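What follows is each chain in one-letter form.
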Amino acid sequence: MTGLEMRPEFLKLRDSEIRAVWQMGFTIPDVVGLWVGESDISTPDFICDAATRAMKEGKTFYTHQRGIPELRQALIEYHQMLYNVTLTDDRIAVTSAGMNAIMAIVQSLVSPGDNVIGVSPVWPNIFRCVEIMGGSTREVPLEPGQNGWFLDIEKLFAATDHRTRVIYLATPGNPTGWVINDSDRRALLDFARKRNIAIIADEVYNRLIYNCLASPSFLEIAEPDDPLFVVNSFSKTWCMTGWRLGWMIMPRNVSTQMERLIGFNTSGAQPFLQEAAIVAIREGEEWVRQWVDRCRQGRVFVLERLRNMNRVSVIPSEASFYLMLRIEEMGDSIEFCKKMVEEAKIGLAPGAAFGKGGENFLRLCYAQSELKLAKGMDRLQNFLGN
Ligand SMILES: Cc1ncc(COP(=O)(O)O)c(C=O)c1O
């Protein structure tokens, strides 16, 4: 470091453990990587073509900080189609992906000394945002069971205090695939209303669900002025992780300030990408159906293989594109993952990266070709000695 005095929150930032293991793979050829939250297929042509067209048409200038009006309109129609809800334009902000939406929301809510509760195992980035703002984090772990993950909602409520500003939950969850049930969803919204605590409902995996069109959303039960922020993204639904494009739905009365905050973070998302996002929404449903179907097949294939392996047990889930598995006598999940990469060239994410409740698990992303999954499963099986 230079002699500059940097903020302690900045100096304390640490890398995510997923990255630490994943980076090992950069130097080892022929690793089967099932560690990162994305597919091996790139964005479909009809979306890429729309971006190229828009760029060539000169959609290359600064634009609306809350997103171009046509994309906001397309998002209104999209939510109407999925959830039969009518959103007003002022509640929508297009962002530079889900990550940027989460950061902006946390910037708008969290001051030093505040705390944020997260349902865990949890995607770690949200907690890093809170720490950057000088807040602290608390986890309420889901409990793993034969039939999936279970939230004790009373424990979640009991974890709050007078400095709690936000309850964060991803539903469907990363890494668990857990989906909040209807009564907990309603109880949580009631609690947040009474206590004036914001809910950040991270719904970026809402289309990756295998028994319906979209996972239940907080938008279906909320009023426009409720303390609710819903985060979503183009990354997972349309395989656009590298594009960095997402959106948030916010309470009506914060819209003007949020628009300014986005302006001072990014000046708004790229207009040619937003033009392509409209095409993704309006013309992409058939493609999404096929993509979800591919993930469904990957899930079935991997589950079948894992269930036939000694020492392995899996917590079932009906959503996301992850599975959490436990391996007998695994020990520390980070060390285990490193050893697996080095010795068997198979990459999984260590559960410890996702906080309490994740430590005894490994996360596997099955959004990959069957060929790759088969190779990965063969290597895992060999590594486990069965
Ligand atoms: C739960 C969750 N939320 C948000 C994101 C952010 O996605 P993006 O920034 O690509 O939109 C991710 C990415 O893995 C995620 O798993």
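Let's talk about the site of the ligand
Around the ligand, the structure places 14 residues, and the nearest of them are Gly98, Asn174, Asp202, Ser233 and Ser235. The contact in question runs from an oxygen atom of the ligand to an N or O atom on the side chain of Arg244, over 2.7 Å. Expressed as a share of its isolated accessible area of 400 Å², the protein-covered part of the ligand is 94%. Going through the elements one at a time, helix H5 (97–109), strand S7 (164–170) and helix H9 (234–237) are the ones with two or more residues in the shell around the ligand. A total of three residues in the shell around the ligand trace back to one element, the largest contributor, which is H5. Residue composition of the shell around the ligand, grouped by class: seven nonpolar, four polar and three charged.

Describing the sheet that holds strand S11 (residues 312–315)
Here four strands make up an open sheet; going across it, the order is S11-S12-S15-S14 and the pairing antiparallel. The open sheet has two free edges, formed respectively by S11 and strand S14 (349–350), since each of these has just one partner strand. Pairing analysis gives four bridges linking S11 to strand S12 (residues 322–327), with the strands arranged antiparallel. Looking at S12, one finds that Ser313 is bridged to Arg326.

As for the side chain of Gln368
Turning to its location among the elements, Gln368 is positioned in the loop between strand S15 (362–365) and helix H14 (370–383). The contact partners of Gln368, leaving out residues within four places of it in the chain, are Leu34, Glu38, Ser39, Asp40, Arg294 and Leu373.

Considering unusual backbone geometry
The omega torsion across Ser120 and Pro121 is 0 degrees, close enough to zero to call that bond cis. Positionally, Pro121 belongs in the loop between strand S3 (115–120) and helix H6 (125–132). Looking along the chain, the bond that leaves Asn174 and enters Pro175 is cis, with omega of 20 degrees. With respect to the helices and strands, Pro175 occurs in the loop between S7 and helix H8 (182–195). Phi at Arg311 is positive, roughly 75 degrees, even though this residue is not glycine. Here Arg311 lies in the loop between helix H12 (285–307) and S11.

Here is what the cut-offs are and how they apply
Here, residues in each chain are numbered from 1, in the same order as that chain's written sequence. For this predicted model, a pLDDT threshold of at least 70 governs which residues receive local features, and a threshold of 80 or more governs which side-chain atom pairs are given and counted, while totals over whole chains, interfaces and linings are taken from all residues. With hydrogens and water set aside, each side-chain value is computed from the structure's full complement of heavy atoms. By convention in this text, a residue qualifies as near a molecule or strand provided that one of its non-hydrogen atoms is within 4 Å of it. Between N or O atoms, a polar contact is any pair within 3.5 Å; within protein, one atom must be a potential hydrogen donor and the other a potential acceptor, and residues adjacent in sequence are included only when both atoms are from side chains. Accessible surface area values rest on a Shrake-Rupley calculation with a 1.4 Å probe, where residue burial reflects the displayed protein chains alone. The secondary structure listing takes helices from DSSP runs of H or I that are at least 4 residues long and strands from runs of E that are at least 2 residues long, numbered from the N terminus. In this classification, the charged set is Asp, Glu, Lys and Arg, the nonpolar set is Ala, Val, Leu, Ile, Met, Phe, Trp, Tyr, Cys and Pro, and all remaining amino acids, among them Gly, are polar. By this definition, two strands are paired if DSSP reports at least two bridges between them. Contacts between residues were defined by any pair of non-hydrogen atoms, one from each residue, lying within 4.5 Å.

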